[in-house]
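Take a look at the letters that make up each chain.
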Amino acid sequence: LAAIRDASRARRRDPNRLRTHAAALASTDAATRRAATAALAAAGLDALPALGAILAAPDPAVADAKPVAGALVARLGDDARGPLLSWLATAPVEEWPAIIAALDASTAADIDDYLLAPATVAGTPAAVQRRAATALEAREGRRHGPGEAVARLAARLDRVLSPAGLPTAECDPLAGPPTVDRAVWNPGTRRFERVALRPRAARSLEALHLARDLSALNVRDPAAVRLVMLARVEALLLGAGDAATAVDGVDPARLTASLTGPDGEDPVLLVDLVEEAVEREMPEAAAAILREIERIHTSTPDLLAPTLPPATRRRLARLLDAPDESLAFAAARTLSLAGGDGS
């Protein structure tokens, strides 16, 4: 019985079968349309890719299917938000029209900011840009420019990376570490998969999406650049394993890349970034940034690096009193290896 149920569930989720049902929404036979509608409604989130393709299709032959497809997406409500944004974050640009069409058809709240980059980034394919801009104009009643897009995305990323931006997770000491449930797009299987994520990992998915959008908009404001770097470092550390050893497990080249802004690597900006990470209760990220500062100011056999400037030494010395012992140790290590004159 379990095997039969699993097989039935897999069949309902089969992408090819769902595409066939979505195409059947345009059938001239009423019974075929009803059967297709019922199958797509039963598939839930798994039907979103097929329904998005119908909504974005320019073919007049499927015009009659679009209202039904839109209604099926709208029925999912806020449940469609996370999966569609996960798909948008990983999909190639040619799939964006279907995702944007599904986002626009959904009744999910708080998605407008994620349409700003597709609508305003220079070089975005015209069809994608037009669809995103039209959806935003219909939702907000006006057009948007790159400057406003940067300001709104930076403000949102600022909120996401604040302590209050961590998703709420129920904590049961007997069930292990607290987790939150997310539907994440798997490009390999082309399906949404339910995964249990730690709150920091769930937040990182959203923060990294916003950081990529800001990078595509060629953000130059130092405050926004720092936010992008923090999101990158956080994601890099989460991919390096256990928090206690993640700093040692990070590839130095990838750490340097994550901390390089549009105008190159700026040691002064990195010191500001350490303090911002501490204020945002991200001690692991602060320790990783200290490791990069240490690299910049440590001489090698073929390179004589500058020592830490006195002002930087004073700022890092204050971290020796940090409540987090790992961060205090990281600051002491950086001062010992790159601080220069002991006085």
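In this text the structure is predicted, and so the values were computed from the model without any measurement.

A. Looking closely at the packing of helix 6 (residues 81-90) against helix 11 (residues 199-216). Relative to each other, helix 6 and helix 11 sit at 45 degrees, their axes nearing to 11 Å. Classified by the angle their axes make, helix 6 and helix 11 are oblique. As for the relative orientation of helix 6 and helix 11, their crossing is left-handed in sense. From helix 6, Arg81, Leu85, Leu88 and Ala89 reach across to helix 11, where they touch Glu206, His209 and Arg212. The residue inventory of the contact of helix 6 with helix 11, partitioned by class, reads 3 nonpolar, 1 polar and 3 charged.

B. Inspection of the packing of aromatic side chains at higher detail. Summed over all chains, the structure comprises 3 aromatic pairs. For the pair Trp87 and Phe192, a centre-to-centre distance of 6.4 Å together with 85 degrees between the ring planes defines the contact as edge-to-face. One end of the pair, Trp87, is in helix 6; the other, Phe192, is in strand 2 (residues 191-197), and 105 residues separate them in sequence. Across the pair, exposure class does not vary: Trp87 and Phe192 are buried alike.

C. The environment of Arg19, seen in detail. Inspection of the secondary structure puts Arg19 in helix 2 (residues 15-24). Between the C-alpha atoms of Arg19 and Ala317, which are 298 residues apart in sequence, the distance is 60 Å.

D. Seen up close, helix 5 (residues 66-76). Along helix 5, the positions that sit buried rather than exposed are Ala69, Gly70, Leu72, Val73 and Leu76. Taken around the axis of helix 5, the buried residues stretch over an arc of 160 degrees, which confines them to a single face. Away from its buried face, by an angle of more than 90 degrees, helix 5 presents the exposed residues Pro67 and Arg75. Those residues of helix 5 that are buried are in contact with helix 3 (30-43), helix 4 (48-56) and helix 7 (96-105). One or two positions beyond helix 5, positive phi appears at Gly77, with a value near 60 degrees.

Calculation notes
- Residues numbered from 1 in each chain as written.
- Predicted model: local features only at pLDDT ≥ 70, side-chain atom pairs only at ≥ 80, totals over all residues.
- Heavy atoms only, no water.
- Axes fitted to C-alpha atoms, helices over the stretch in contact; angles between N-to-C directions.
- Helix = DSSP H or I, 4+ residues; strand = E, 2+ residues; numbered from the N terminus.
- Parallel < 35°, antiparallel > 145°, perpendicular 65-115°, else oblique.
- Left-handed = near helix turned anticlockwise from the far one by under 90°.
- Contact = heavy atoms within 4.5 Å.
- Nonpolar A, V, L, I, M, F, W, Y, C, P; charged D, E, K, R; others polar.
- Phe/Tyr/Trp six-rings, centres within 6.5 Å; stacked < 30°, edge-to-face > 60°.
- Buried < 20%, exposed > 50% of the residue type's maximum accessible area, 1.4 Å probe, protein only.
- Arc of directions from axis to C-beta.

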